[in-house]
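Architecture and fold: a report
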Amino acid sequence: MNGFIPYIVFLPLLAAIVAGLVNKSAPSVFAKSITTGALFISCALSWPIFLGFVSGSLSEEVVPVLTWVQSGALSFDWALRVDTLTAVMLVVITTVSALVHLYSWGYMEEDPDQPRFFAYLSLFTFAMLMLVTADNLVQMFFGWEGVGLASYLLIGFWFKKPSANAAAIKAFVVNRVGDLGFMLGIFGTFWVFGTVSIPEVLEAAPGMSGATIGFLGLRVHTMDVLCILLFIGAMGKSAQLGLHTWLPDAMEGPTPVSALIHAATMVTAGVFMVCRLSPMFETAPVALGMVTFIGAATCIFAATVGTTQWDIKRVIAYSTCSQLGYMFFAAGVGAYGAAMFHLFTHAFFKALLFLGAGSVIHAMHHEQDMRYYGALRKEIPFTFWAMLAGTLAITGVGIYHLGAGFAGFWSKDAILEVAYGRGTELGNFAFWMGTLAALLTSFYSWRLMFLTFWGKPRWADSHHIQHAVNAGHDEPDEHNPPKQEDAGQDVKHAVPSPHYDAGTAGYHPHESPISMLIPLGVLSVGAVLAGQVFAPTFLDDAAFWGQSIFYNEPLIHAMHNVPYLVKYAAFIVMLIGLFVAWLAYIKDTSIPGKAAEQLGPVYRFFYNKWYFDELYHYLFVVPAFWLGRQFWKLGDIGTIDRFGPNGVAWVIEKGSVGAKKFQTGYLYSYALVMLLGLVAAITWVLF
Amino acid sequence: MEFPILSLMLAVPLVAAIACLFLTASSARMVALFATLINLALGVILWLNYDIGGAQWQFTERAQLFAGFEYALGIDGIALMLIMLSVFLMPICILASWDGITKRVGEYMAAFLLMEVLMIGVFAAQDLFLFYIFFEAGLIPMYLIIGVWGGDNRIYASYKFFLYTLLGSVLMLIAMLWMVNEAGTSDIPTLMQYDFPVGAQLWLWLAFFASFAVKMPMWPVHTWLPDAHVQAPTAGSVILAGVLLKLGGYGFIRFSLPMFPDASADLAWLVFALSMVAVIYTSLVALVQHDMKKLIAYSSVAHMAIVMVGLFAFNVQGLEGAMMVMLGHGLVSGALFLCVGVIYDRLHTREIARYGGLSINMPKYALFFLLFTMASVGLPGTSNFVGEFLALAGIYKVSTFVTLVCTTGIILGAAYMLYLYRRVAFGEQRNADAAAMTDLNAREWAMLAPIAAAVLWMGVYPESFLAPMRQDIAALETRLASVAPQYDSELTVGTPKDHAANFVAASHEGEGEH
């Protein structure tokens, strides 16, 4: 079965190249068919591999492809590694990608640049597959940067929009900050271990656990510094606190992109990396502490911001950021299986939520502001049910004693339990942050549901809807979310305008086409069942993981033996979040406005995303441009040129004016100079 | 005696150059293209016949001229790769000038062909004075290309170029005379093994440094480059960025490092300091440029700084990385200047703000431009990644601090290149004339497609390029081994810990005893 791995990886590349080069010289259905077809084949080939690892009939294998670089002791090749960890990622990537390709047939229907879009999607999938099949750190970095490129291209897909371009550059550059850490980590790893081959490094890592190394003039623990450097890379890709600012802006891309790249696959690459290198991280207690802390902090940070956003995609984006935090602190406390399990279930329910949101946006003529939604339950019932399944999954609905629950219940609860069961202070910190974030998750998820599907229609005031009604055609206009104003005004907008009948302005949203509904249906099944079916395998089956991650058996026992209150904590806070959301957005819709007013500064702090964007703007962007101008005008032109070539020229010019005076042409002046010279020479000879 | 292929590669463009002087414009173009293609074919033959792992110096030719001055040619793998770069870029330069140059075409083509002679000569010369002649004579055609066929401010640019580059040369010549006097030979391979007195090495090194640092160019003697690029015609920029900048790096790898190893080690701090400044400084300056060519010129300075730190890492990775950056940068920056030239030919401005939204009317152009932008940014899978990665990996062993500072170049590089790409290719079509520009024609395809293929080849399978140089780099590393610096990332292996960090005692309570 493993023999199919080259096809799984390279079919999407081939499809991307063909679709991209043919571009518009063939009808767009050609590019769409070839890319979608390739992805479905990859997907069909991936599942047997995954199931083979679940049943234990397959073992790890490395398929060599081509020599890459050999430079002294540093050598790395193109090779495709398949083990349990890869197999998990394979099904996640190919399944979500195939479904997103299919979904895009409907979602991108009216876009003139469809071949380009599908080519980018397939290119992304290829890069992501290269990342997860990497057998050495450099190929992982290749995939890492490849997905970054695809992400850049897809965020900026609607390249006429300044906001999309800015978001694309931001995503790439912020990720590069992480990549700096990743690269330094690879360099350090090479000089410490003499190799960048992942299995060789992992094998040698425990032997280095007591070693120290020089770094920036300090002496530090070798493994800690290497793992922290690598983790900085993971922070960039997985949008962890500090390097997260690009992810919400990445929502400028088309929604299928958000589902595939910025929810299910690319952003989980950091988690994958930490799990892939788990034996290495297990030799680095400080680095793991950092992973735990950053994960927990991101988890709570993103959840607080998510509660205040109005753009449906941004809410889900912050939710993604928050869920990634869970995965990281799970890894940080040593539960790599739980981290991967949450990655697995999250891929299904978060892709579902994004694609559901896309279906809503499609129905609402590219309106993304939830203040202009309402009562869509009856208008787009299929989307509603799919979103409900996703919400039940992300909020972790399930009852421990019944042994039944939606996907998120299994994975998120396991993470909270293991954090508690770990028994360290950081573990407890992560547990409490995670539990609080679970409350907020429940609140913002239900807030999203209630604002979108319940209540009364409020879409009369939406420019997009007005445009659609007045123009009477279906052309998608550049989506243009209302400017984020200050809190007071925001809430006023939420009150339906009285001018239009029932707030609909005579517009009736339509359900999405079948190509969009099939992926929603399939992912709903995943969101409902993925946890139930695979929990025993991912969490408790040491044989399933084999050598692919560091499997900590006693920790899993500790996880199962936490008090019942801990096991029910997530469920209880979920109910609280649901209740508050219901109270505020169904029972009495004046509460959010009052609460925002009461909480003034806190609300604005959350609403403005803790002011990270502003901070970075004034800390990095403005000084960079200022310094650039100073170096150019004052440094190059004002100093180097002035005193360098121009100065030399000036001296020569002045000097030649002076020299000219000696060449008067008068015989007597020459004679005088000769005489003086002669006197000087004689003087010198004589004395 | 072997077939004198190197001499033939010098003769073909030389004869063609003389012929061009007497031909009409259209025939001069054809002759120049034909001659450069022949040289490319000869280059391929050279590469195919180069015996990897064989003698260090191959295709050697020697003829005694006068007073110990020898006509001596021969190449090792390093020279081979740089000759390949030159002969590969030459036909593309001729194509790039096909329509753009209308006055004095014959002289123009002659200047380019002469340039090719001198470039190949520099890399193939085995005699110190022969090298010097080729090295310095290269200034003349470039001076003419900028001064005669350049932009509005060409006189200032050409004199600045000449002044800067000549200044160092004088010192280098004096140093060479001293060396020949001391060692009793002007044979480069012999001199590479000669141990000069440590005290003298310092001065010799500085004299060579004065010349090579300008050619590189290193900060702060880089200001001639942006002006020269801006004023030079497209093909002039391509050769300038593609090959002439590599003369500095070649000088370091051929002369400074093997001939003055002790001085190189002693003064490595100077190189590191200047390179670190260059990476940050010129990257930030690139960020605020309004002129496309200036932006790419400043980015070249930043890239060349990576070459410098790679060379002075004194290990295989650093040296091979430096060579790969030189080759990759030669292709990519050349291609970027061609990309500028393509739209300059249509709109006659390099002002970034005059463009915008070119992806709409020039999708094929936008694709090429994107590829070269990404290569310049050092995306894995392209030529520049391999070089930058190896060079930075090499320097990590010597100094983590230098690595940290230089690696920020990948962030800043992404910022200024993507910012450029966004303003040119993305966004709305702001100007009607820019929006009316046509996509690439066949000639422009023929220029860009081969470079694109080479960039990807070098990125995916760099072994083709690393293999010929391996032995020579290893020899150089051996030569430098005795002076290799103490590195600050020194590892001390301690006692491994008993438990993994997340060790949990099987009792389900508490944690391990660490």
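Residues numbered from 1 in each chain as written. Chains lettered and ligands numbered in written order. Predicted model: local features only at pLDDT ≥ 70, side-chain atom pairs only at ≥ 80, totals over all residues. Heavy atoms only, no water.

Looking now at the overall build of chain A. Within chain A, the secondary structure is distributed over 29 helices and six strands. Counting only C-alpha atoms and orienting by the principal axes, one finds that chain A spans roughly 120 × 70 × 55 Å. Sorting the 687 residues of chain A into buried and exposed places 62% on the buried side. (Helix = DSSP H or I, 4+ residues; strand = E, 2+ residues; numbered from the N terminus. Buried < 20%, exposed > 50% of the residue type's maximum accessible area, 1.4 Å probe, protein only.)

So, about the sheet that holds strand S4 (residues 218-221) of chain A. Taken in spatial order, the three strands line up as S4(A)-S3(A)-S3(B) in an open sheet, and their pairing is antiparallel. Unpaired on one side and paired on the other, S4 of chain A together with strand S3 (491-492) of chain B mark the two borders of the sheet. Sheet analysis places strand S3 (residues 212-215) of chain A next to S3(B), joined by two bridges and oriented antiparallel. Looking at the pairing, A:Thr212 lines up with B:Thr492 of S3(B). Helix H8 (residues 222-237) of chain A rests against S3 and S4 of chain A together with S3 of chain B of the sheet, and its axis sits at about 85 degrees to S4(A). (Pairing = 2+ DSSP bridges. Contact = heavy atoms within 4.5 Å. Axes fitted to C-alpha atoms, helices over the stretch in contact; angles between N-to-C directions.)

Looking now at the interface of chain A and chain B. In this complex, chain A contributes 89 residues to the contact, which on the side of chain B involves 87 residues. Carbon and sulfur atoms supply 69% of the area buried between chain A and chain B, which totals about 7200 Å² over both sides. Per-residue buried area on chain A facing chain B is highest for A:Arg176, A:Trp191 and A:Trp632; these three make up 10% of the total on that side. Counting every contact that joins chain A to chain B gives 14 residue pairs in polar contact (both at pLDDT 80 or more). For the side of chain A that touches chain B, the element with the highest residue contribution is helix H6 (residues 162-193) of chain A, accounting for 18 residues. Broken down by class, the residue content of the side of chain A that touches chain B amounts to 56 nonpolar, 23 polar and 10 charged. (Buried area = accessible area lost by both parts, 1.4 Å probe. Polar contact = N/O pair within 3.5 Å; in protein donor to acceptor, adjacent residues only side chain to side chain. Nonpolar A, V, L, I, M, F, W, Y, C, P; charged D, E, K, R; others polar.)

With that out of the way, let us pick up the environment of A:Ala317. Residues and elements named next belong to chain A. Tracing the backbone shows Ala317 in helix H14 (residues 312-332). Here Ala317 falls in the buried class, since its relative accessible area comes to 1%. Expressed as a C-alpha distance, the spacing of Ala317 and His362, which sit 45 residues apart in the sequence, is 18 Å. Sequence-distant contacts of Ala317, defined by excluding residues within four places in its chain, comprise Leu247, Pro248, Met251 and Phe354.

This part takes up the pattern of salt bridges. Evaluation of the coordinates by the stated rule reveals 25 salt bridges over all chains. The shortest N-O distance in the salt bridge between A:Arg276 and A:Asp83 comes to 2.6 Å. Here A:Asp83 lies in the loop between strand S2 (74-82) and helix H3 (84-107) and A:Arg276 lies in helix H11 (residues 269-276), a separation of 193 residues in the sequence. Each member of the pair, A:Arg276 as well as A:Asp83, is classed as buried. B:Arg346 serves as the salt-bridge partner of B:Glu444, at 2.9 Å between the closest nitrogen and oxygen. Taken together, the positions of B:Glu444 in helix H21 (residues 442-460) and B:Arg346 in helix H15 (residues 316-347) put the pair 98 residues apart, joining distant regions of the chain. Beyond isolated ion pairs, a larger network of salt bridges with shared partners links A:Glu60, A:Arg81, A:Asp83, A:Asp135 and A:Arg276. (Salt bridge = Lys/Arg side-chain N within 4 Å of Asp/Glu carboxyl O.)

We now examine the packing of helix H17 (residues 407-422) of chain A against helix H21 (residues 514-540) of chain A. All names here are of chain A. Interaxial distance between H17 and H21 falls to 6 Å at its minimum, and their mutual angle equals 40 degrees. One way to sum up the angle between H17 and H21 is to call them oblique. Between H17 and H21, the contacting residues are Ala407, Trp410 and Ala414 on the first element and Gly526, Ala527, Val528, Ala530, Gly531, Gln532, Ala535 and Leu539 on the second. When the residues that make up the contact of H17 with H21 are grouped by side-chain class, the tally is eight nonpolar, three polar and no charged. (Parallel < 35°, antiparallel > 145°, perpendicular 65-115°, else oblique.)

Moving on, we come to the nonpolar core. Formed by 457 residues in total, the largest nonpolar core has its most connected members in A:Tyr152, A:Phe344 and B:Phe312. Setting aside chain neighbours within four positions, we find B:Phe312 in contact with B:Trp205, B:Phe252, B:Leu257, B:Ser264, B:Ala268, B:Val271 and B:Phe272. (Core = buried A, V, L, I, M, F, W, Y, C linked by side-chain atoms within 4.5 Å.)

Taken together, A:Leu565, A:Ile572, A:Ile576, A:Phe579, A:Val580, A:Trp582 and A:Ile586 make up a surface patch of nonpolar side chains, about 610 Å² in accessible area. Of note, A:Val580 is situated in helix H24 (residues 564-587). (Patch = residues over 30% accessible without salt bridge, like charges linked within 9 Å, V, L, I, M, F, W, Y side chains within 5 Å. Areas by Shrake-Rupley, 256 points an atom, 1.4 Å probe, with all protein chains shown as cover.)

This part covers unusual backbone geometry. With an omega of -10 degrees, the peptide bond running from B:Met216 to B:Pro217 counts as cis. Its place among the elements puts B:Pro217 in the loop between helix H9 (198-215) and helix H10 (224-231). Residue B:Pro220 is bonded to the preceding B:Trp219 through a cis peptide linkage, with omega at 0 degrees. Residue placement: B:Pro220 occurs in the loop between H9 and H10. Located in the positive-phi region is A:Asn23, a residue other than glycine, with phi close to 45 degrees. Note that A:Asn23 resides in the loop between helix H1 (5-22) and helix H2 (28-55). Here the phi dihedral of A:Lys609 falls at roughly 60 degrees; this positive angle occurs in a residue that is not glycine. Following the sequence through the fold, A:Lys609 ends up in the loop between helix H26 (600-607) and helix H27 (612-643).

Turning our attention to the pairing of S2(A). Residue and element names in this part refer to chain A. Most of S2 sits out of view: seven of its nine residues are buried. When strand S1 (residues 61-71) meets S2, the two strands line up antiparallel, connected through nine bridges. Pairing of Gln70 across the sheet is with Ser75, part of S2.

Moving on: the side chain of B:Glu136. All names here are of chain B. Structurally, Glu136 can be placed in helix H5 (residues 128-137). There is a polar contact of 2.6 Å between the side chain of Glu136 and the side chain of Ser169. Non-local contacts of Glu136, meaning those with residues more than four positions away in its chain, are made with Ser169, Met172 and Ser211.

Below, the discussion takes up H2(A). End to end, H2(A) covers 41 Å across 28 residues, agreeing with the expected 40 Å (1.5 Å per residue, within 8%). Immediately downstream of H2(A), the backbone of A:Gly56 shows phi near 85 degrees, a positive value. (Expected span 1.5 Å × (residues − 1).)

All right, on to empty space enclosed by the protein then. Tallying each qualifying case throughout the model produces 10 cavities of 30 Å³ or more. There is about 120 Å³ of room inside the largest cavity. As for the largest cavity, its lining consists of 14 residues, of which B:His303, B:Glu388, B:Gly409, B:Ile410 and B:Tyr416 are closest to the centre. In terms of residues, the lining of the largest cavity owes the most to one element, helix H19 (residues 400-425) of chain B, which gives six residues. Split into classes, the residues belonging to the lining of the largest cavity amount to eight nonpolar, five polar and one charged. There is about 70 Å³ of room inside the second largest cavity. In this structure, the second largest cavity is lined by A:Val315, A:Ile316, A:Ser319, A:Leu353, A:Thr391, A:Ile394, A:Tyr444, A:Ser445 and A:Leu448. Mapped onto the lining of the second largest cavity, the elements with two or more residues apiece are H14, helix H16 (381-394) and helix H18 (425-453) of chain A. Among the residues making up the lining of the second largest cavity, the classes are represented as six nonpolar, three polar and no charged. (1 Å grid on protein atoms, 1.4 Å probe; cavity = no way out; pocket = protein on both sides within 12 Å on 5 of 7 lines; lining within 4 Å. Points joined across faces, edges and corners; volume = space filled by probe spheres on them.)

With that out of the way, let us pick up the packing of aromatic side chains. Inspection of the entire model under this criterion finds 92 aromatic pairs over all chains. Arranged with centres 6.2 Å apart and planes meeting at 85 degrees, the rings of A:Phe534 and A:Phe538 form a pair that is edge-to-face. You can see A:Phe534 and its partner A:Phe538 sitting in helix H21, four residues apart, about one turn around the helix. A:Phe538 shares its class with A:Phe534; the two are buried. Seen from the ring of A:Trp105, A:Lys32 lies directly overhead, with NZ or CZ sitting 4.9 Å from the centre. Just above the ring of B:Tyr419 sits the side chain of B:Arg423; from NZ or CZ to the centre is 3.8 Å. (Phe/Tyr/Trp six-rings, centres within 6.5 Å; stacked < 30°, edge-to-face > 60°. Lys NZ or Arg CZ within 6 Å of the ring centre and 35° of its normal.)

Residue and element names in this part refer to chain B. In terms of residue burial, strand S2 (residues 69-75) counts as a mostly covered element, since six of its seven residues are buried. As defined by bridge partners, strand S1 (residues 58-66) adjoins S2 across six bridges and the pair is classed as antiparallel. Counterpart to Gln58 in the pairing with S2 is Ile75.

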